[in-house]
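# Examining the three-dimensional arrangement
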Amino acid sequence: MRGLFSFALQASHDLGWIAVGFENWRPILYAYFLWATVLCVTRVVIYGEAGKKALFVLPAALFVVSMVVFPLLFALWIGFSDWNLASLTGRRFNGLDNLRRMITDPFYANALVNMILYCLAIAVEYAIAFGLALLLNQQIVARKFWRVTFLVPLMLSPVAVSWMVGKSMLEPRFGPIARFARWLGWENPSFFGDPLTAKLSVMIMDAWTFIPFMMIMLLAGLQSMSKEVLEAAEVDGATKWQRFWQVIFPLMLPVSVTAIMIRIIFKLKLADIIITVTAGGPGGATDSVTSFIYREYRDRSNVGYGTLLAIVYLVVIVLGMTVLMKISDRIVRRMTGRL
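Because the structure is a prediction, the values reported are computed rather than measured.

Further remarks concern helix α2 (residues 26–47). Taking 1.5 Å per residue as the helical rise, α2 with its 22 residues ought to reach 32 Å, and the 32 Å between its terminal C-alpha atoms agrees with that figure. Considered for burial, the residues of α2 that qualify are I28, Y32, A36 and C40. With its buried residues spanning 115° around the axis, α2 presents them on a single face. Of the exposed residues in α2, those oriented more than 90 degrees away from the buried face are R26, Y30, L34, V45 and I46.

Here it is in structure tokens:
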């Protein structure tokens, strides 16, 4: 309650409603940390052993409030402000102007559409990962070697992949892939000059990095599957396709949903490859929401508008993931209930 009172007091001062307040928020934070320390000490002094038990939870709760709740409230405050670091006027409250600008911003709408396309590409990534997991689950030659080999892209950071593949191998003049494309008959290979080609190139680089992650989760699920169920299906005369579609795939749904959900979360944060390779180009064709917000901060120094975009995106992610989890839970129950 005291933290909320301090927040309301400083916010009222920034709005010019009252004269009591500080030039910035640092004194409020310093006072909060001092109050939190005194609170922990007094709990031990007053309540003894019961106070010591409270110390197992109280510091963590206060830390969450200071590092999560307060920054979130402060970000919400900034989101409704006109604050450009290149301006001499500083921050000023502008109400819903940033929200209206977001609704009518064609570049932000384009980034949202691109984000949907990037997420839809997970279906293809999942199919490839499942196929690799099925392959590596068989008794093939050098199986351990291939398992380690397919995991190598997962060990690389997206920035390293961007430079190694996007800036080197796909370089239009001297890159080996560009030379091979010219040898096949593509006169002027430009993997990032055309909007459609640039989107596909970004998707492929991102998929190459994270398909091994989905593959290893699916492979773990396949290895934990009961052998008796598969043998019973084989005895009943089921073909390989019937065994896969009617037995393996339904049993793998819980693992599949988990892998897809985690992959969606990673995909929603897609920015490293885009920022390093295309910087959102050409003409914003490859922008994701995260990279667009990043460039709003870095290139345009528009802190207020960028913060509002980030908050709205966070709300969309939370609501979207909640709906997806409920839908996927119903699908899993329906399909596994048939077995």
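Still more to cover.
Before going further, it helps to examine unusual backbone geometry. Note that the residue after G281, namely P282, is joined by a cis bond; omega there is -5°. Position of P282 among the secondary structure elements: in the loop between α15 (272–278) and α16 (289–298). Phi at A279 takes a positive value of approximately 55°, unusual for a residue other than glycine. Relative to the elements of secondary structure, A279 occurs in the loop between α15 and α16. A279 sits in the partly exposed class, given a relative accessible area of 37%. Look at S301: it is not a glycine, yet its phi comes out positive at around 55°. Residue S301 is classed as buried on the basis of its relative accessible area of 18%.

Axis separation between α2 and helix α4 (residues 58–79) bottoms out at 10 Å; the angle between their running directions is 165°. In this view, α2 runs roughly antiparallel relative to α4, as classed from their interaxial angle. The chirality of how α2 crosses α4 is right-handed. On α4, the residues touching L29, Y32, F33, W35, A36, L39, C40 and R43 of α2 are L58, P59, L62, V65, S66, M67 and F70. Of the residues assigned to the contact of α2 with α4, the class counts are 13 nonpolar, one polar and one charged.

Our focus in this paragraph is the packing of helix α7 (residues 122–136) against helix α14 (residues 253–268). α14 packs onto α7 with a crossing angle of 135° between their chain directions and a minimal axis gap of 11 Å. Our classification of the angle between α7 and α14 gives oblique. Judged by the sense of rotation from one axis to the other, the crossing of α7 with α14 is right-handed. From α7, I122, E125, Y126 and F130 reach across to α14, where they touch S256, I260, R263, I264 and K267. Partitioned by chemical class, the residues of the contact of α7 with α14 number five nonpolar, one polar and three charged.

A few words now on the confidence of the model for the protein chain. Here the protein chain averages 83 in pLDDT, and 92% of its residues register 70 or above. By mean pLDDT, the top-scoring element of the protein chain is α7 (92), and the lowest-scoring one is helix α1 (residues 2–15) (64).

Attention now moves to the side chain of T307. Topologically, T307 is positioned in helix α17 (residues 303–336). On the basis of relative accessibility, which here comes to 7%, the residue T307 falls in the buried class.

Nonpolar side chains tend to gather and get buried jointly when the protein is soluble and globular. Ranked by size, the top nonpolar core spans 53 residues in total, and within it Y108, F130 and M205 carry the most contacts. M205 has contacts with V161, V165, G166, L170, F192, I273 and V277, leaving out every residue within four places of it along the chain. With five residues, the next largest nonpolar core counts Y32, C40, L58 and L62 among its residues.

Thresholds applied
- Residues numbered from 1 in each chain as written.
- Predicted model: local features only at pLDDT ≥ 70, side-chain atom pairs only at ≥ 80, totals over all residues.
- Heavy atoms only, no water.
- Helix = DSSP H or I, 4+ residues; strand = E, 2+ residues; numbered from the N terminus.
- Expected span 1.5 Å × (residues − 1).
- Buried < 20%, exposed > 50% of the residue type's maximum accessible area, 1.4 Å probe, protein only.
- Arc of directions from axis to C-beta.
- Axes fitted to C-alpha atoms, helices over the stretch in contact; angles between N-to-C directions.
- Parallel < 35°, antiparallel > 145°, perpendicular 65-115°, else oblique.
- Left-handed = near helix turned anticlockwise from the far one by under 90°.
- Contact = heavy atoms within 4.5 Å.
- Nonpolar A, V, L, I, M, F, W, Y, C, P; charged D, E, K, R; others polar.
- pLDDT = per-residue confidence, 0-100.
- Core = buried A, V, L, I, M, F, W, Y, C linked by side-chain atoms within 4.5 Å.

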